[in-house]
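Letter by letter, the chains look like this.
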Amino acid sequence: MNTPRARIKVLLVDDLAENLLALRSLLRRDDLELLQAKSGREALELLLDHEVAVALIDVQMPEMDGFELAELMRGSERTRHVPIILVTAGSREEQRVFRGYDAGATDFLFKPLEPYAVQSKVDTFVQLHRQRQLLDEQIIDM
């Protein structure tokens, strides 16, 4: 008997509602549950309650920027291995990109976003998450 697959959660973090709407439109699929946060603090609260396959985080946010959020995620056992894609409309300076990778980002994207690239990257992390879940189930069944 085939059981329906659980929806995989993807975290979208941006302080601008229009950016969250654009990401939601771009990533909307039946097998994904898109969680939204308008701040780093709100994102951390969601991460306490949900296991996510990948997080897309805007760099430029008030109070806690994307770099700080990524560092906090890397410092927590629960979120240490969540892939982080930092997104920015800001400068393309190498130093800024390196700071993102130092903070724990898996990837760094610049706005305007290329839709196919975003969808492809998210799909890759969703597939990896599903494979990890299947392995965990097999280990439990042993």
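Procedures and definitions
Residues numbered from 1 in each chain as written. Predicted model: local features only at pLDDT ≥ 70, side-chain atom pairs only at ≥ 80, totals over all residues. Heavy atoms only, no water. Buried < 20%, exposed > 50% of the residue type's maximum accessible area, 1.4 Å probe, protein only. Helix = DSSP H or I, 4+ residues; strand = E, 2+ residues; numbered from the N terminus. Pairing = 2+ DSSP bridges. Right-handed = clockwise from strand over helix to strand, strands pointing away. Polar contact = N/O pair within 3.5 Å; in protein donor to acceptor, adjacent residues only side chain to side chain. Contact = heavy atoms within 4.5 Å. Core = buried A, V, L, I, M, F, W, Y, C linked by side-chain atoms within 4.5 Å. Arc of directions from axis to C-beta.

Among the five residues of strand β4 (residues 84–88), five are classified as buried, and the element is accordingly described as predominantly covered. Residues Ile-84, Leu-86 and Thr-88 point to one face of β4 and Ile-85 and Val-87 to the other, with burial holding for every one of them. Where strand β3 (residues 54–58) meets β4, four bridges bridge the pair, whose relative direction is parallel. Each residue of the ladder has a partner; that of Ala-55, found in β4, is Ile-84. Note on the crossover from β3 through helix α3 (residues 66–74) to β4: the handedness is right-handed. Bridging between β4 and strand β5 (residues 107–110) involves four bridges; their strand directions are parallel.

Okay, the side chain of Asp-65 next. Within the element layout of this structure, Asp-65 appears in the loop between β3 and α3. Here the side chain of Asp-65 touches Phe-67 through a polar contact of 3.1 Å, landing on its backbone nitrogen. Those residues in contact with Asp-65, other than ones at most four positions away along the chain, are Val-59 and Arg-99.

In this structure, Leu-11, Val-13, Ile-57, Leu-69, Met-73, Leu-86 and Phe-108 are the most contacted members of the largest nonpolar core, which totals 25 residues. Elements with a minimum of two residues in this core: β1 (8–13), β2 (32–37), α2 (40–49), β3, α3, β4, α4 (94–103) and β5. Looking at this core element by element, the count peaks at four residues for α3. Setting aside residues up to four positions removed in sequence, Ile-57 forms contacts with Val-13, Gly-66, Leu-69, Met-73, Ile-84, Ile-85, Leu-86 and Val-87. Grouped together as the second largest cluster of nonpolar side chains are 19 residues, Ile-8, Leu-109, Phe-125 and Val-126 included.

Looking now at helix α1 (residues 17–27). For α1, every residue scored as buried is listed here: Leu-20, Leu-23, Leu-26 and Leu-27. The buried residues of α1 occupy one face: seen down the axis, they fall within an arc of 130 degrees. Across from the buried face of α1, at angles greater than 90 degrees, the exposed residues are Glu-18 and Leu-21. Packed against the buried residues of α1 are β1, β2, β3 and α5 (115–141).

Our focus in this paragraph is the environment of Leu-48. Note on placement: Leu-48 falls in helix α2. In the structure, Leu-48 is positioned 30 residues away from Arg-78 in sequence and 8.0 Å away in space, judged by C-alpha atoms.

For β1, a buried count of five out of six residues is recorded, marking the element as mostly surrounded by other parts of the structure. By the bridge criterion, six bridges tie β1 to β2 in an arrangement that is parallel. By the bridge assignment, Val-10 is partnered in β2 with Leu-34. Pairing analysis gives four bridges linking β1 to β3, with the strands arranged parallel. By the bridge assignment for β3, Leu-11 is matched with Ala-55.

Limitation: the analysis is restricted to geometry and does not speak to function.
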